[in-house]
Amino acid sequence: MATVNKQRLKNLLLELVQIDSVSRKEREVAERLRRELESLGATCRYDRAGERVGGNTGNLICRISATKPGLAPLLLCAHMDTVVPGEGVKPIVEGDIIRTDGSTVLGGDDKSGCAVICEAVRQLHEQNIPHGPIDVVFTICEEVGLLGAKNLELDLFEAREGLVFDSDSPGLLFVRAPGAQTLMFKVMGYEAHAGMAPERGISAIKVASEAIAAMRLGRVDDETTANLGVIQGGRAINIVPNEVVVRGEARSRNPEKLAAQVNHMIDCFKSAVARATITIDGKQVGATLDYSADAQYQAMNIPEDAPIVRKVIEAARRTGRAVNTAATGGGCDANIFNHRGLTVANLGTGMRDIHTVREWLDVKDMVATAEVTVELMKLQAGL
Ligand SMILES: [Zn+2]
């Protein structure tokens, strides 16, 4: 069984989290990862995704050539960008626990994944383990709409199955995830003086409120959720407001349920707006609605008996651990890969309390995932 070098893994993680890489500014960490993989014999290049999304680097694509012929290539992927506040990270180390000083996120999401991939590849190299071709992809802009994965140039690498390392528990392999749509509703009412002529106005805020009050939100069913997260509108307390903008989202692992929920939310606004009419000086005036619903990413649903799933479970068993398949409520690069025809599941790395300044991780979890990954590569090579 592989013996991962815990200290080296920890050191690389600590180095990576101290290189600033908020979305669209991943260049420096990309160059560091490129050096790491080139030192292991990989051939690295960037695609043009960075130009398309206005970032300072593209996705980093690295090929580690096979040392054993005739094997299918394996994809290993993690994202290089972090959420804010993510600049000037000062990690605090307490044994195997790494956290922040409370002023920034740690960026273990997803530098733990980047470090795990590097260490697993280094193990192959160091132990001279025969292996098939390995395509490592470090993506940009995951945190701002999976833009790196959406713009990834698939023809620059061969692997069509593998893993994304971008979730918390090393014991969980996410194979199902929801699709998501973002929604925007703009209700236009009719402006009037709130004290002298309220009957000559239509309150956009009141109309929107009626729509929202009639809406199914929160956990709609076991695979569907919906949320309205932002409301902006109104200019002064003595003006009947003529405009309000409401933004939200809907998610479901079932595409039909997602479409139904989105239609339900649109219908609630349409009927509240249709009811809001008044007559001014003999003329009928009504509220109006502008709205948009845009697909953010599609659901992923990898069968339990897919070869990559079975191999990860077997690899974990060989290391004396258990990895179980699971469903998540979030989206990640794997959603995009699966939608684009690849089979890519999401394995946890130990990142915890992500997207908060309380983010932390336990290096032992990263070791577990790195060991499972080495075993996976051995299984892939028929060892
Ligand atoms: Zn992530």
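Only a predicted model underlies this, so the values are computations on that prediction, with no experimental measurement involved. (Residues numbered from 1 in each chain as written. Predicted model: local features only at pLDDT ≥ 70, side-chain atom pairs only at ≥ 80, totals over all residues.)

Colleague: An account of the overall build of the chain is requested, with residue identities and associated values reported.
Modeller: Secondary structure summary: the chain contains 10 helices and 22 strands in total. Taken over the C-alpha atoms alone, the chain extends approximately 85 × 40 × 35 Å along its principal axes. Counting over 383 residues, the chain shows a buried share of 46%. Counting contacts in the chain only where the partners sit at least 6 residues apart, residues at least 24 apart contribute 76% of the total. (Helix = DSSP H or I, 4+ residues; strand = E, 2+ residues; numbered from the N terminus. Buried ≥ 20, exposed ≤ 12 C-beta atoms within 10 Å, placed from the backbone. Contact = placed C-beta atoms within 7 Å.)

Colleague: Go over the packing of helix H4 (residues 108–126) against helix H10 (residues 363–380), please, and point to the residues and values.
Modeller: One can describe the packing of H4 onto H10 by two numbers: an axis separation of 9 Å at closest approach and a directional angle of 45 degrees. Viewed along their axes, H4 and H10 adopt a mutual orientation that is oblique. The chirality of how H4 crosses H10 is right-handed. Counted together, Ser 112, Ala 115, Val 116, Glu 119, Ala 120, Gln 123 and Leu 124 of H4 and Met 366, Thr 369, Ala 370, Thr 373, Val 374 and Met 377 of H10 form the full contact between these two elements. Residues that form the contact of H4 with H10 fall into these classes: 8 nonpolar, 4 polar and 1 charged. (Axes fitted to C-alpha atoms, helices over the stretch in contact; angles between N-to-C directions. Parallel < 35°, antiparallel > 145°, perpendicular 65-115°, else oblique. Left-handed = near helix turned anticlockwise from the far one by under 90°. Nonpolar A, V, L, I, M, F, W, Y, C, P; charged D, E, K, R; others polar.)

Colleague: So, the domain arrangement of the chain: which residues are in play, and what are the values?
Modeller: One can read the domain layout of the chain as domain 1 (6–177 + 299–380) and domain 2 (186–297). Computed over C-alpha atoms, the centres of domain 1 and domain 2 are 40 Å apart. Taken together, the contacts link 11 residues of domain 1 with 6 residues of domain 2. Sorting the residues of the side of domain 1 that touches domain 2 by element identifies strand E8 (172–177) and helix H9 (333–339) as the ones contributing at least two each. Here the residues of the side of domain 1 that touches domain 2 sort into 5 nonpolar, 5 polar and 1 charged. (Domains from an automatic or database assignment.)

Colleague: Lay out the sheet that holds strand E17 (residues 288–297) with the relevant residues and their values.
Modeller: What the 5 strands build is an open sheet, ordered E11-E12-E14-E9-E17; its pairing is antiparallel. Pairing within the sheet leaves two strands with one partner each, and these edge strands are strand E11 (218–221) and E17. Pairwise comparison of adjacent strand axes, ignoring direction, gives a mean angle of 20 degrees for this sheet. Alignment of strand E9 (residues 179–188) against E17, held across 9 bridges, turns out to be antiparallel. By the bridge assignment for E17, Lys 186 is matched with Asp 290. (Pairing = 2+ DSSP bridges.)

Colleague: How would you explain the sheet that holds strand E4 (residues 92–94) if you had to name every residue and give the values?
Modeller: With antiparallel pairing, the 4 strands of this open sheet are ordered in space as E4-E5-E22-E21. Two strands close off the open sheet at either side, each with one partner strand: E4 and strand E21 (351–352). Sheet topology note: the E21/strand E22 (residues 360–362) ladder contains 2 bridges and is antiparallel. From the neighbouring strand, Arg 352 faces E22, where its bridge partner is Trp 360.

Colleague: Explain the packing of helix H1 (residues 6–17) against H4 to me, using residue names and the numbers behind them.
Modeller: Put simply, H1 and H4 touch, their axes get as near as 9 Å, and they point 140 degrees apart. As judged from the angle between their axes, H1 and H4 are oblique. The element H1 and its partner H4 pack so that their crossing is right-handed. In this structure, H1 contributes Arg 8, Leu 9, Leu 12, Leu 13, Leu 16 and Val 17 to the contact, and H4 contributes Gly 108, Lys 111, Ser 112, Cys 114, Ala 115, Cys 118 and Glu 119.

Colleague: Could you give an account of the nonpolar core, naming the residues involved and the relevant values?
Modeller: Within soluble globular proteins, side chains that are nonpolar generally end up buried alongside one another. Formed by 82 residues in total, the largest nonpolar core has its most connected members in Ile 117, Val 136, Val 312 and Ala 345. For this core, the element with the most residues is H10, which contributes 9 residues. Residues contacting Val 136, with those up to four places away along its chain left out, are Leu 37, Ala 42, Cys 62, Ile 64, Leu 76, Ile 117 and Val 121. Ile 202, Ala 211, Val 246 and Ala 250 belong to the second-largest nonpolar core, a separate cluster that totals 23 residues. (Core = buried A, V, L, I, M, F, W, Y, C linked by C-beta atoms within 7 Å.)

Colleague: Could you give me a rundown of the environment of Lys 25, with the residues and numbers involved?
Modeller: Summarising the element assignment, Lys 25 is placed in the loop between H1 and helix H2 (27–38). For the pair formed by Lys 25 and Ile 140, sequence separation is 115 residues and the distance between their alpha carbons is 8.5 Å. The residues touching Lys 25, leaving out its near neighbours within four places in the chain, are Asp 20 and Asn 56.

Colleague: Can you tell me about the pairing of strand E2 (residues 60–64), naming the residues and giving the values?
Modeller: The element E2 is extensively covered by neighbouring structure, given that 5 of its 5 residues are classed as buried. Here E2 shows two buried faces, one formed by Leu 60, Cys 62 and Ile 64 and the other by Ile 61 and Arg 63. Sheet analysis places strand E1 (residues 43–46) next to E2, joined by 4 bridges and oriented antiparallel. By the bridge assignment for E2, Arg 45 is matched with Ile 61. Pairing geometry for E2 and strand E6 (residues 134–139), over 5 bridges, is antiparallel. Along E6, the bridge assignment pairs Ile 64 with Ile 134.

Colleague: Give a description of unusual backbone geometry that names residues and reports values.
Modeller: Following Val 84, the chain continues to Pro 85 via a peptide bond in cis, the omega torsion being -10 degrees. Inspection of the secondary structure assignment puts Pro 85 in the loop between strand E3 (74–79) and E4. The amide bond that connects Asp 109 to the next residue, Asp 110, takes the cis arrangement and shows omega of 15 degrees. One can find Asp 110 in helix H4.

Colleague: Can you tell me about H4, naming the residues and giving the values?
Modeller: In this model H4 runs 25 Å from its N-terminal to its C-terminal C-alpha over 19 residues, within 8% of the 27 Å that 1.5 Å per residue would give. Among the 19 residues in H4, 17 count as buried, and that is most of the element. Downstream of H4 by one or two residues, Asn 128 has phi in the positive range, about 55 degrees. (Expected span 1.5 Å × (residues − 1).)

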